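Okay, here's what each chain looks like letter by letter:
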Amino acid sequence: MLYREAGDFKGSYAADIQTFPIKGERYLFWAFVAFCFLVVPFLITPYWEKSIIVPFLIWSIVALGLNILTGYCGQVSLGTGGFMAVGAFACYKLMIAFPDLNIVAVIVLSGFITAGVGLLFGLPSLRIKGFYLAVATLAAQFFLVWLFNKVGWFYNYSASGQINAPTRYILGVAVTGANAPPWATYLLCLSFVFVFAWVARNLTRGRLGRSWMAMRDMDIAAQIMGVSPLGSKLSAFAISSFYVGMGGAMFFSVYLGAVEVTEAFNIDKSFDALFMIIIGGLGSILGSFLGAAFIVVFPVVLKNIMVGGLGWSTDLAAHIEIMTIGALIIFFLIVEPHGLAQLWRLTKEKLRLWPFPY
Amino acid sequence: MNAPIMPHPVAGTEFRLEAHQDDIPTGQTLLKVDNVSLSFGGVKAIREVSFDIRKGEIRAIIGPNGAGKTSMLNVINGFYTPQQGTITYRGVPRRAMRSTQAARQGISRTFQNIALFKGMSTLDNIMTGRITLQKRNLFWQALWHGPAQAEEIEHRLAVEHIIDFLEIAHIRKTPVGRLPYGLQKRVELGRALAAEPALLLLDEPMAGMNLEEKEDMSRFILDVNNQFGTTIALIEHDMGVVMDISDRIVVLDYGRKIGDGKPAEIAADQAVIDAYLGVPHHD
């Protein structure tokens, strides 16, 4: 009975354009946010932190970024892994160069640096689109990973080629490094996700978001309505890379702690991010989260059921896991090509009338 | 900021499309096309055409298929750059211009084949028409609450007037891909109007419509012209409609101008009749 719009009248345009126009849904959302911030930190265990929640949150930011570029602006990118690497290495160099700089500032700055790099690799989008652009961004993926592997300056000439995140503190609590308590890394990631998901929502619902979507749906008409292709495409590349870069920085500093670039940021990461937004829903904020959850959380759950619950051997479980995920991807794409977010929208449409649909 | 939702505003009473005001008096030249030629490789789409559009009039551009009418509109709003000739808009002559600049100077248009943003709702499509009028920068947009939201609501009010004017309030939040053809045409007109144009270009606004839809669309075009004083240049094939609603007509055939004048003069013009009947000519 929570999902009712009867009696929920809108008296102003401000009320009409809010994110959750239905009262029940709004309350539910804030209750969920409060639960995440106030209750989960007390319950979280190292296992939940390391294998499920923190990677999910970080991938959500990456998926949000890619969704801005691909889902909203219609520019396909296969360079996500490369841009995550830019964020990670920017984060590493900043942490080493400015040991006193707050980690939050470091992550945001890494985002800005990645935005600059993304802007550069976004330039081809002014001339080419579709698959050709995908190939151009694929070049970014391979070039960036090669660069970080080849040039010793980026990993401070360490013998292994690895970069390691030193311990950094917020208000005296470690959030990076081996000794960081789970609740601290969790809260750091959650805060980033909360703030930047809100920013993404704001950007996509206003003028900028409409100019992106106009460019995606009909670029010539958009141009004639006064949308500058240069401005809207490059802003999408920059903002998308900003998100992906922050995701990469956190992936390195908060989550992994030590990174070898060819392993951590290879082409698989680019595909993972692309799968997330396709399965979650292109052009949807919620879809980014659902997609990230599907790709990150679902395999873990599946493995726990098969190995922990049913007592199967790990290698069998691993193979079945891959097959199940693949089958489910195909299933979802057939049942709902617009992703899980669309499935949720349709469910809500039905819920409005449930249980008396006539 | 908490602008209340209006109880049905009366269209045209207090609402004006004035974002692109100029001080050209009604009846004076707003746009002048001078000796314009455009070719694509060996194909000469437009050959040395000159005509003018006066402020406040409905100017029709007619001609058989392939006469260069749509190319002419594309030249006017900067989408094509002619090889020769000048276009003088508001007293400023130019040849090359970006279409985004034309939009910023108050030239707005609809398309022959509907070019709506399919993934967006009616409301968002029409709001997109106001993109050149929205000024808040990235920072304020990222914050949303405050100036960006206030600006959004201010523009929403204007868009609601247009929605009301075009009688499409019931499809406000429907994705345009789901709308029937006639309504899509109307939404497209709404999007062009939302930019508050000084010059509105309509490319076959009634193509593919039935009689009733044509009557509706004619009424909207006349109302836009009467109530808002918007100058309109339109391409149309339905001669009955063209003769009824336009003030002056320019006729193109094979890229050449073969007639220019009031509807009655054009209807009596032998060259025009020949062109429409397909009397063979030499070139």
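Residues numbered from 1 in each chain as written. Chains lettered and ligands numbered in written order. Predicted model: local features only at pLDDT ≥ 70, side-chain atom pairs only at ≥ 80, totals over all residues. Heavy atoms only, no water.

Draft legend 1. Layout of the overall build of chain B. When helices and strands are tallied, chain B shows 10 helices and 10 strands. Here the C-alpha radius of gyration of chain B, 20 Å, is about what a compact globule of 283 residues would show, namely 19 Å. Expressed as lengths along the three principal axes of its C-alpha atoms, the size of chain B is roughly 65 × 40 × 35 Å. Among the 283 residues that make up chain B, the fraction classed as buried is 55%. Counting only contacts in chain B whose residues sit at least 6 apart along the sequence, the fraction spanning at least 24 positions is 69%. Carbon and sulfur atoms make up 51% of the accessible area of chain B, which totals about 12100 Å². Computing the positive centroid from 31 side-chain charges and the negative centroid from 34, chain B places the two 7 Å apart. (Helix = DSSP H or I, 4+ residues; strand = E, 2+ residues; numbered from the N terminus. Rg over C-alpha atoms; globule rule 2.2 N^0.38 Å. Buried < 20%, exposed > 50% of the residue type's maximum accessible area, 1.4 Å probe, protein only. Contact = heavy atoms within 4.5 Å. Areas by Shrake-Rupley, 256 points an atom, 1.4 Å probe, with all protein chains shown as cover. Lys, Arg positive; Asp, Glu negative; His and termini not counted. Charge placed at Lys NZ, Arg CZ, Asp CG, Glu CD.)

Draft legend 2. Geometry of a nonpolar patch on the surface. Residues and elements named next belong to chain A. Judged by side-chain polarity, Phe32, Phe35, Leu38, Val39, Phe42 and Leu43 come together as a nonpolar surface patch covering roughly 680 Å² of accessible area. With respect to the helices, strands and loops of the structure, Phe35 is situated in helix 2 (residues 23-43). You can call Phe35 partly exposed: its relative accessible area is 39%. (Patch = residues over 30% accessible without salt bridge, like charges linked within 9 Å, V, L, I, M, F, W, Y side chains within 5 Å. Salt bridge = Lys/Arg side-chain N within 4 Å of Asp/Glu carboxyl O.)

Draft legend 3. Inspection of helix 7 (residues 182-205) of chain A at higher detail. Helix length check: helix 7 of chain A (24 residues) gives 34 Å between terminal C-alpha atoms against 34 Å at 1.5 Å per residue, within 8%. Of all 24 residues that make up helix 7 of chain A, 17 are buried, and the element is covered over most of its length. (Expected span 1.5 Å × (residues − 1).)

Draft legend 4. Broad picture of the packing of helix 3 (residues 46-72) of chain A against helix 7 of chain A. All names here are of chain A. Relative to each other, helix 3 and helix 7 sit at 15°, their axes nearing to 10 Å. Considered as vectors, helix 3 and helix 7 are oriented roughly parallel to each other. Remark: the crossing between helix 3 and helix 7 carries left-handed chirality. Contact with helix 3, carried on its side by Pro46, Glu49, Ile53, Val54, Leu57, Ile58, Ile61, Leu64, Ile68 and Tyr72, involves Pro182, Thr185, Tyr186, Cys189, Leu190, Phe192, Val193, Phe196, Ala197, Ala200 and Thr204 of helix 7 and no other residues of that element. Partitioning the contact of helix 3 with helix 7 into residue classes produces 18 nonpolar, 2 polar and 1 charged. (Axes fitted to C-alpha atoms, helices over the stretch in contact; angles between N-to-C directions. Parallel < 35°, antiparallel > 145°, perpendicular 65-115°, else oblique. Left-handed = near helix turned anticlockwise from the far one by under 90°. Nonpolar A, V, L, I, M, F, W, Y, C, P; charged D, E, K, R; others polar.)

Draft legend 5. Representation of the domain arrangement of chain B within the structure. Residue and element names in this part refer to chain B. Domain parsing of chain B yields domain 1 (27-106 + 197-283) and domain 2 (119-194). With centres defined by C-alpha atoms, the gap from domain 1 to domain 2 works out at 27 Å. Each partner contributes to the interface: domain 1 provides 20 residues, whereas domain 2 provides 11 residues. Note on domain 1 versus domain 2: buried area summed over both sides is about 1200 Å², and carbon and sulfur give 73% of it. The largest share of the area that domain 1 buries against domain 2 comes from Pro197, Met217 and Phe220, three residues that together contribute 34% of it. The tally of links from domain 1 across to domain 2 stands at 2 salt bridges. The partner of Asp216 in a salt bridge is Arg186, and the shortest N-O contact between them spans 3.6 Å. Here domain 1 is connected to domain 2 by 3 residue pairs in polar contact (both at pLDDT 80 or more). For the side of domain 1 that touches domain 2, the elements supplying multiple residues, two or more each, are helix 2 (99-104), strand 7 (199-203) and helix 7 (211-228). The dominant element in the side of domain 1 that touches domain 2, judged by the number of residues it contributes, is helix 7, at 9 residues. In terms of residue class, the side of domain 1 that touches domain 2 is made up of 11 nonpolar, 2 polar and 7 charged. (Domains from an automatic or database assignment. Buried area = accessible area lost by both parts, 1.4 Å probe. Polar contact = N/O pair within 3.5 Å; in protein donor to acceptor, adjacent residues only side chain to side chain.)

Draft legend 6. Local environment of the side chain of Thr137(A). Note that Thr137(A) resides in helix 6 (residues 131-150). Excluding its chain neighbours within four sequence positions, the residues that come into contact with Thr137(A) are Val76(A), Ser77(A), Leu78(A), Gly79(A) and Phe237(A).

Draft legend 7. Fine view of the nonpolar core. Formed by 108 residues in total, the largest nonpolar core has its most connected members in Trp59(A), Trp212(A), Tyr243(A), Phe252(A) and Phe265(A). Those residues in contact with Phe252(A) that lie beyond four places of it in its chain are Ala88(A), Cys91(A), Tyr92(A), Met95(A), Ile163(A), Asn164(A), Ala165(A), Gly257(A), Ala258(A) and Val259(A). Ranked by size, the runner-up nonpolar core spans 44 residues in total, among them Ile58(B), Ile162(B), Ala192(B) and Met206(B). (Core = buried A, V, L, I, M, F, W, Y, C linked by side-chain atoms within 4.5 Å.)

Draft legend 8. Representation of the interface of chain A and chain B. Counting residues at the interface gives 33 residues for chain A, matched by 45 residues for chain B. Of the roughly 3400 Å² buried at the junction of chain A and chain B (both faces included), carbon and sulfur atoms supply 64%. Joining chain A to chain B, the criterion identifies 4 salt bridges. Between Arg210(A) and Glu152(B) there is a salt bridge; the shortest N-O distance is 2.9 Å. Between the two partners, chain A and chain B, sit 9 residue pairs in polar contact (both at pLDDT 80 or more). Residue contributions to the side of chain A that touches chain B peak at 8 residues, all from helix 8 (residues 207-217) of chain A. For the side of chain A that touches chain B, the class distribution of residues is 18 nonpolar, 8 polar and 7 charged.

Draft legend 9. Structural view of helix 6 of chain A. Residue and element names in this part refer to chain A. When the terminal C-alpha atoms of helix 6 are compared, their 28 Å separation across 20 residues agrees well with the 28 Å that a helix rising 1.5 Å per residue should span. Considered for burial, the residues of helix 6 that qualify are Leu133, Ala134, Thr137, Ala140, Gln141, Leu144, Val145, Leu147 and Phe148. Burial along helix 6 is one-sided: seen end-on, the buried residues are contained in an arc of 160°. Facing away from the buried side of helix 6, by more than 90 degrees, are the exposed residues Phe131, Tyr132, Val135, Phe142 and Lys150. Contact partners of the buried residues in helix 6: helix 4 (80-97), helix 5 (103-122), helix 10 (229-256), helix 11 (261-264) and helix 12 (267-280). (Arc of directions from axis to C-beta.)

Draft legend 10. Layout of the pairing of strand 1 (residues 29-40) of chain B. Residues and elements named next belong to chain B. Two elements, strand 1 and strand 2 (residues 43-54), share 8 bridges in a ladder whose sense is antiparallel. Each residue of the ladder has a partner; that of Phe40, found in strand 2, is Val43. Linkage of strand 1 to strand 2, two consecutive antiparallel strands, is achieved through a turn of 2 residues, within which Gly41 is found at a positive phi near 60°. (Pairing = 2+ DSSP bridges.)

Draft legend 11. The arrangement of the pairing of strand 3 (residues 58-62) of chain B in detail. All names here are of chain B. Buried residues dominate strand 3, accounting for 5 of its 5 residues. Neither face of strand 3 is left uncovered, since the one carrying Ile58, Ala60 and Ile62 and the one carrying Arg59 and Ile61 both have all their residues buried. Bridge count for strand 3 against strand 9 (residues 248-253) is 4 bridges, and the pairing is parallel. Residue pairing for strand 9: Ile61 is matched across the bridge by Val250.

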